[in-house]
Amino acid sequence: MIQPQQAKARLFFTYLKDKTELFLYVKPQGTSGSEMIYRRSPGDAAMNLRIQAILEKAGVEESETEIWILLYPPEIHTTTMYIPSHASKKEIKSLIREQIFANVSYSTNYDWENYSLLVRENGNGENMVTVTILGRDVLPRIQELLCDNFNRVTFIGDGLQFLNIEETYFNEQSGQTYEMILPYDEMYFVAAFRSGLHVESSALTHARSSSFGNYRLRTQQVYLDIRHQKSIANQPRIQPIVSTAEWKRALLTPAAFPTWFIARNSLTKSKPVSFIKHLKSIDLKKKERGVSLKHSALHLLD
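All values derive from a computational prediction rather than experimental measurement.

Focus: the overall build of the protein
Here comes step 1: Counting secondary structure elements, the protein contains six helices and 16 strands.
Here comes step 2: Taking all contacts inside the protein whose residues are at least 6 apart in sequence as the whole, residues at least 24 apart take part in 61%.
Here comes step 3: Here the protein displays about 14900 Å² of accessible surface, and carbon together with sulfur accounts for 50% of that area.

What follows is the structure, encoded as structure tokens:
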């Protein structure tokens, strides 16, 4: 979450197939209000000038701002495997190759040596292993675009993890498996959650159709999809979750909706899965490798 003593504003930078978005969320200290500024732009050499212009418009200094980089499929790939809890690091890496690498489209576009693992106990001698892999060229390209601004990046990761609604909506979803659908231009992004844990992200071209079964989805909305659940009756299987009035109060252009929703949800998540740890010192990486398999995220497995 934004800590007032550390940062006055958070700048969200969306990178998707060289299309970029800037979304500045400003929360003034000592007030209940906030300010949001959205810009969509090409990914080119003028990016840092655009960032400076947004900060000047909001009256925010660079030192008061942190940068969060939001990535979406195919720039980032998140999926989950279920493996024996006694599996070694070498065995986990082999399973990733066998179960994920072989089934990912355009697998050579991903950096299979540098990925994030989050391992959780699943019971019955089994672990739930969530794997997040970056596109091979994503980090170099973002560093090139942001230049000196890159040293203020505090988060790099899968933006779809912030579609999690269990903490703020629908208490009856607690402990359930559900999906969230986010219309984004001509794409539909889908994120799956199990007991509030993000386990998968994907993108659907869906033939540019807004129809999902008997449901017709509209833009500027996020949907809870519980079609796979058998025990819930007497409620729609696909449900919109954003109040139209709430979105209108944001006073933003329609194109800003996906980033607005994700940015707002990110403010309630104190420990998102982030690739920023890959940029820490070598000593910190060594310490992370030594932590117990069952209780932490493992990075850069050997």
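Considering the sheet that holds strand 11 (residues 197-204)
Here comes step 1: Ordered by their spatial adjacency, five strands build an open sheet running 11-10-9-14-15, and the pairing between neighbours is antiparallel. A single partner strand is all that each edge strand has here, and the edge strands are strand 11 and strand 15 (238-240). Neighbour-to-neighbour, the strand axes of the sheet open up by a mean angle of 25 degrees, direction not taken into account.
Here comes step 2: Here strand 9 (residues 177-184) pairs with strand 14 (residues 223-225) via three bridges, running antiparallel. Its bridge partner being in strand 14, Glu-179 is matched across the sheet by Asp-225.

Things to note about the pattern of salt bridges
A pair can form between side chains of opposite charge whenever their charged atoms are brought close.
Here comes step 1: A full pass over the atoms with the stated rule returns ten salt bridges.
Here comes step 2: Here Arg-50 and Asp-44 are joined by a salt bridge, their closest N and O atoms 2.9 Å apart.
Here comes step 3: Look at Asp-44 and you get partly exposed, because its relative accessible area is 28%.
Here comes step 4: In this structure, Arg-141 and Glu-144 form a salt bridge, with 2.8 Å as the shortest nitrogen-oxygen distance. Here Glu-144 and Arg-141 lie together in helix 3 (residues 138-146), a separation of three residues that amounts to about one turn.
Here comes step 5: Glu-144 gets classed as exposed once you look at its relative accessible area, which sits at 52%.
Here comes step 6: Among the ionic contacts, a cluster of salt bridges with common partners joins Lys-19, Glu-21, Arg-40 and Asp-185.

Here we look at the packing of aromatic side chains
Here comes step 1: For the structure on display, the rule yields 15 aromatic pairs.
Here comes step 2: Where Tyr-184 meets Phe-189, the ring centres are 5.6 Å apart and the plane angle is 80 degrees; that geometry is what we call edge-to-face. For the pair shown, Tyr-184 and Phe-189 are each scored as buried.
Here comes step 3: Taken together through their ring pairs, the aromatic side chains of Phe-12, Phe-23, Trp-68, Phe-155 and Phe-162 make up a single cluster.

Topic: the confidence of the model for the protein
Here comes step 1: Averaged over all residues, the pLDDT of the protein is 82; the fraction at 70 or higher stands at 81%.
Here comes step 2: The weakest mean pLDDT in the protein belongs to strand 16 (residues 297-299) at 31; the strongest belongs to strand 4 (residues 65-71) at 95.
Here comes step 3: Below a pLDDT of 50 lies the segment residues 1-5, which in the model reaches eleven contacts outside its immediate sequence neighbourhood of four places, other chains included.
Here comes step 4: Per-residue pLDDT stays below 50 along residues 281-302; that stretch engages in 46 contacts with residues further than four places along the chain or on separate chains.

Remarks on the sheet that holds strand 3 (residues 35-42)
Here comes step 1: Here five strands make up an open sheet; going across it, the order is 3-2-1-4-8 and the pairing mixed. In the strand order of this sheet, the two ends are held by strand 3 and strand 8 (153-158), each with one partner. On average, each strand axis in the sheet is tilted by 15 degrees relative to the strand beside it, whichever way the strands run.
Here comes step 2: Bridge count between strand 1 (residues 9-16) and strand 2 (residues 19-26): eight bridges; the pairing is antiparallel. Looking at strand 2, one finds that Thr-14 is bridged to Glu-21.
Here comes step 3: Packing against the sheet, helix 1 (residues 47-58) makes contact with strand 1, strand 2, strand 3 and strand 4, and its axis sits at approximately 160 degrees to strand 3.
Here comes step 4: Across the sheet, helix 5 (residues 257-266) lies against strand 1, strand 2, strand 3 and strand 4, angled at about 130 degrees from strand 1, the strand it touches most.

Observations regarding the side chain of Gln-161
Here comes step 1: Along the chain, Gln-161 turns up in the loop between strand 8 and strand 9.
Here comes step 2: The buried category is assigned to Gln-161, whose relative accessible area is 10%.
Here comes step 3: At 3.1 Å, the side chain of Gln-161 forms a polar contact with the backbone oxygen of Asp-158.
Here comes step 4: Polar contacts involving the side chain of Gln-161 include one to the main-chain amide nitrogen of Val-273, which spans 2.9 Å.
Here comes step 5: Other than its neighbours up to four places away in sequence, Gln-161 contacts Phe-155, Phe-193, His-198, Pro-272 and Val-273.

So, the nonpolar core
Here comes step 1: Core analysis: the biggest nonpolar cluster contains 35 residues, and Leu-163, Met-180, Val-222 and Trp-260 have the highest contact counts within it.
Here comes step 2: Mapped by element, the contributors of at least two residues to this core are strand 1, strand 2, strand 4, strand 9, strand 10 (187-194) and helix 5.
Here comes step 3: Per-element tally for this core: the top contributor is helix 5, with five residues.
Here comes step 4: Apart from the residues lying within four places of it in its own chain, the contact partners of Met-180 are Leu-163, Ile-165, Phe-189, Val-190, Ala-191, Phe-193, Val-222, Tyr-223, Leu-224 and Ile-241.

Observations concerning unusual backbone geometry
Here comes step 1: The omega torsion across Pro-73 and Pro-74 is 10 degrees, close enough to zero to call that bond cis.
Here comes step 2: Along the chain, Pro-74 falls in the loop between strand 4 and strand 5 (76-84).
Here comes step 3: The backbone of Gln-220 shows a phi angle near 55 degrees, a positive value even though the residue is not glycine.
Here comes step 4: Relative to the elements of secondary structure, Gln-220 occurs in the loop between strand 13 (215-216) and strand 14.
Here comes step 5: By relative accessible area, Gln-220 is classed as partly exposed at 30%.
Here comes step 6: Positive phi outside glycine occurs at Leu-251, with the angle close to 55 degrees.
Here comes step 7: Tracing the sequence through the fold places Leu-251 in the loop between helix 4 (244-249) and helix 5.

Thresholds, definitions, all that
Residues numbered from 1 in each chain as written. Predicted model: local features only at pLDDT ≥ 70, side-chain atom pairs only at ≥ 80, totals over all residues. Heavy atoms only, no water. Helix = DSSP H or I, 4+ residues; strand = E, 2+ residues; numbered from the N terminus. Contact = heavy atoms within 4.5 Å. Areas by Shrake-Rupley, 256 points an atom, 1.4 Å probe, with all protein chains shown as cover. Pairing = 2+ DSSP bridges. Axes fitted to C-alpha atoms, helices over the stretch in contact; angles between N-to-C directions. Salt bridge = Lys/Arg side-chain N within 4 Å of Asp/Glu carboxyl O. Buried < 20%, exposed > 50% of the residue type's maximum accessible area, 1.4 Å probe, protein only. Phe/Tyr/Trp six-rings, centres within 6.5 Å; stacked < 30°, edge-to-face > 60°. pLDDT = per-residue confidence, 0-100. Polar contact = N/O pair within 3.5 Å; in protein donor to acceptor, adjacent residues only side chain to side chain. Core = buried A, V, L, I, M, F, W, Y, C linked by side-chain atoms within 4.5 Å.

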